[in-house]
Each structure stands twice: as C-alpha cells, then as structure tokens.
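The lines below spell out each chain.
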Amino acid sequence: MNAISMNDYLVFCTVLFSIGVAGVLIKRNALSIFMSIELMLNSINLLLAAFSVYMNDPAGQVFVFFIMVVAAAEVAIGLAILVMVYRHTHSVDIHLLNRLKW
Amino acid sequence: MKVYLFYFLCILALYSAFMVVISKKPIHTVLYLTLAMFCLGGHYVLLNAQFLAVVHIIVYAGAIMVLFLFTVMLLNLNKEGEFQKPALVQVAAMAAGGILMITLVGVLKQTDVVMAKDPTMTQIGLVSSLAKVLYHEYLLPFEVSSVLFLSAMVGAVLLGKKD
C-alpha cells in the first residue's frame, strides 16, 4: 500500500480552490459569493497544514491557526456589512452594488 | 485503509464543494458547505493535526456556518433562483474556473515535491507540541489576535446597529 503523497494534497487543494473561483464568478447572491471565498480560504489552509506536516515544521500549523482567527473575524464583519446592505437595498444582489465600482 | 479514507474524503469534499456552486437555494449552499467543512476536518485528522482538526470543526462547522445559517434565516433569502447570471456568463465563468484548474493541476503535477518526513511519524500536530511553539515564538501575534477579535466584535456591533 502506497502512502498519501504531497502531490495528492496539492491536486486536491488546487481543484477545491478552482471550484471556489468558479463559484465567485458564477453567483450573483452576495452570500453565496462569500461562501465560495470561504471555500478557497479553506483549501489553502489545508495545503498549508499539509506542507507543515510533510516538512515537519510546526510553524505552518500555527499560521493555519492564525488564518482561522482572522477568517472568523472577517466573516463576522462581512455578514454585518451584508445585513447592512440588505437593510438599505432590500436585496443581496451584487448587481445593485455596482456603484461601488467607481 | 488511510489511503481509501483520504480518497473518500477527497471525493466527498469535492462533491459538496461542487454542489455549493451548483445549488440554487442559499440554504442548500450553506448545508453543502458545512459538509465540505467536516470533510476538511477529516483531512486534518488524517494529517495527524488533531489541534487544527478540533479548531476547524469548532470554528468553521460550529460558529461560522451557524452565522451563515442565521443570516439566511433572518434575511429570508431562501428563494430559489432569485437572481441568476445569464447562461452565457455562467458558461464563461465555468470555463474560466476549469481552465484555471487545468493549468494549476498541470503545473503542480510536474513538480517533484521532495518531502523529508513520513507524515505518519510526526507528532507536531498534537496540542502539547503546538502549544510550545504558539506560546514561545508566536506569543505576540497570539495576543494581538485577541485585540483583532475585540475590534472585529465592536465593528460588527456598530455595523449591525440600526441608525
């Protein structure tokens, strides 16, 4: 039986990241876009943890922990902004927010 | 055994991630993302990173997904296909994601990642060994992150308040 190699993790995380990118491009619902971003963040987290384990360096896992901390704060703020946007426009459609482009 | 478990978790995670993108109702998106989070937690267990596995389950599957669920529930967003991009844009987006995937996989498959250690032998993911690193070398960032949390909490309350 052959062990799980680092390349398996690389390919898996890359595919997961690409699915997240496609989700950001496809969706118009701001909440779904936010969830696709979470998916991308998580795939990179797993890759960092995998490299940390295979390199036998605990610093990588500490950094994954810090990324999780920042992601939790980011989700709290992001959802608060989303609720505020909903209160002003009564929708979470990102096409109503295209004024932010200029 | 471990290899089969790895591939099973991979397929389940990719399936649920795909359904996150495909499904129309926001509530289904949230539930499939929760399933994907649990699969990633299983991956952390397979990597022998037990601390990260527990933190991932608590923070993501526990806290963040509940926040998403509450938002879907409170804003009453659960209407199917409320707004969708035109079919051409969807196909173009899928093609862009697929091309990105093919490129990255093609590049990364050719790289020969030389690994020093057998992952089943490492003990670095255990709480005791990780805590030594966290509280010795990364003590200052750890404390600063608590300030970040405090400011995020204040900001969220301020944004959520009716003015």
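**Q** How should the interface of chain B and chain A be read in this particular structure?
**A** Interfaces are often sized by the amount of accessible area the parts lose when they come together. Tallying the contact residues gives 77 residues for chain B and 72 residues for chain A. For the chain B and chain A pair, buried surface summed over both sides reaches about 7100 Å², with 80% attributable to carbon and sulfur atoms. Connecting chain B to chain A are zero salt bridges. At the junction of chain B and chain A, the tally comes to eight residue pairs in polar contact (both at pLDDT 80 or more). Elements supplying a minimum of two residues to the side of chain B that touches chain A: α1 (2-22), α2 (26-46), α3 (50-75), α4 (87-110), α5 (127-136) and α6 (139-160) of chain B. Broken down by class, the residue content of the side of chain B that touches chain A amounts to 57 nonpolar, 14 polar and six charged.

**Q** Teacher, can you tell me more about the nonpolar core here?
**A** Side chains that are nonpolar tend, in soluble globular proteins, to be buried together. In terms of nonpolar packing, the biggest core is built from 68 residues, with A:Y9, A:F12, A:L31, B:Y44, B:L47, B:L52 and B:F68 touching the most fellow members. Looking at this core, the elements that each hand over two or more residues are α1 (6-26), α2 (30-55) and α3 (58-89) of chain A together with α1, α2, α3, α4 and α5 of chain B. Looking at which domains feed residues into this core, each of domain 1 (1-79) and domain 2 (126-163) of chain B supplies at least three. Sequence-distant contacts of A:L31, defined by excluding residues within four places in its chain, comprise A:L79, A:L82, B:F68, B:T71, B:V72 and B:L77.

**Q** Would you mind showing me how to read the domain arrangement of chain B here?
**A** Taken domain by domain, chain B consists of domain 1 (1-79) and domain 2 (126-163). Spacing between the C-alpha centres of domain 1 of chain B and domain 2 of chain B amounts to 23 Å.

**Q** I would appreciate a short explanation of the confidence of the model for chain B in the present structure.
**A** Low-pLDDT portions of the prediction should not be read for the details of their coordinates. Overall, the predicted model of chain B reaches an average pLDDT of 87, with 92% of residues at or above 70. Both scores are available for the predicted complex, with the pTM at 0.89 and the ipTM at 0.90.

**Q** Help me out: how do you make sense of the packing of aromatic side chains in this one?
**A** The description of an aromatic ring pair rests on the distance of the ring centres and on the angle between the ring planes. This model, assessed by the stated rule, comprises ten aromatic pairs over all chains. With 5.4 Å between their ring centres and 50 degrees between their planes, A:F65 and B:F51 make a pair best called tilted. With one member in each of two chains, A:F65 in helix α3 and B:F51 in helix α3 form a pair that bridges those chains. Judged by relative accessible area, which is 14%, A:F65 ranks as buried. Cluster of aromatic residues (ring-pair linked, three or more members): A:F65, A:F66, B:F51, B:Y135 and B:F142.

The rules behind each value
- Residues numbered from 1 in each chain as written.
- Chains lettered and ligands numbered in written order.
- Predicted model: local features only at pLDDT ≥ 70, side-chain atom pairs only at ≥ 80, totals over all residues.
- Heavy atoms only, no water.
- Contact = heavy atoms within 4.5 Å.
- Buried area = accessible area lost by both parts, 1.4 Å probe.
- Salt bridge = Lys/Arg side-chain N within 4 Å of Asp/Glu carboxyl O.
- Polar contact = N/O pair within 3.5 Å; in protein donor to acceptor, adjacent residues only side chain to side chain.
- Helix = DSSP H or I, 4+ residues; strand = E, 2+ residues; numbered from the N terminus.
- Nonpolar A, V, L, I, M, F, W, Y, C, P; charged D, E, K, R; others polar.
- Core = buried A, V, L, I, M, F, W, Y, C linked by side-chain atoms within 4.5 Å.
- Buried < 20%, exposed > 50% of the residue type's maximum accessible area, 1.4 Å probe, protein only.
- Domains from an automatic or database assignment.
- pLDDT = per-residue confidence, 0-100.
- Phe/Tyr/Trp six-rings, centres within 6.5 Å; stacked < 30°, edge-to-face > 60°.

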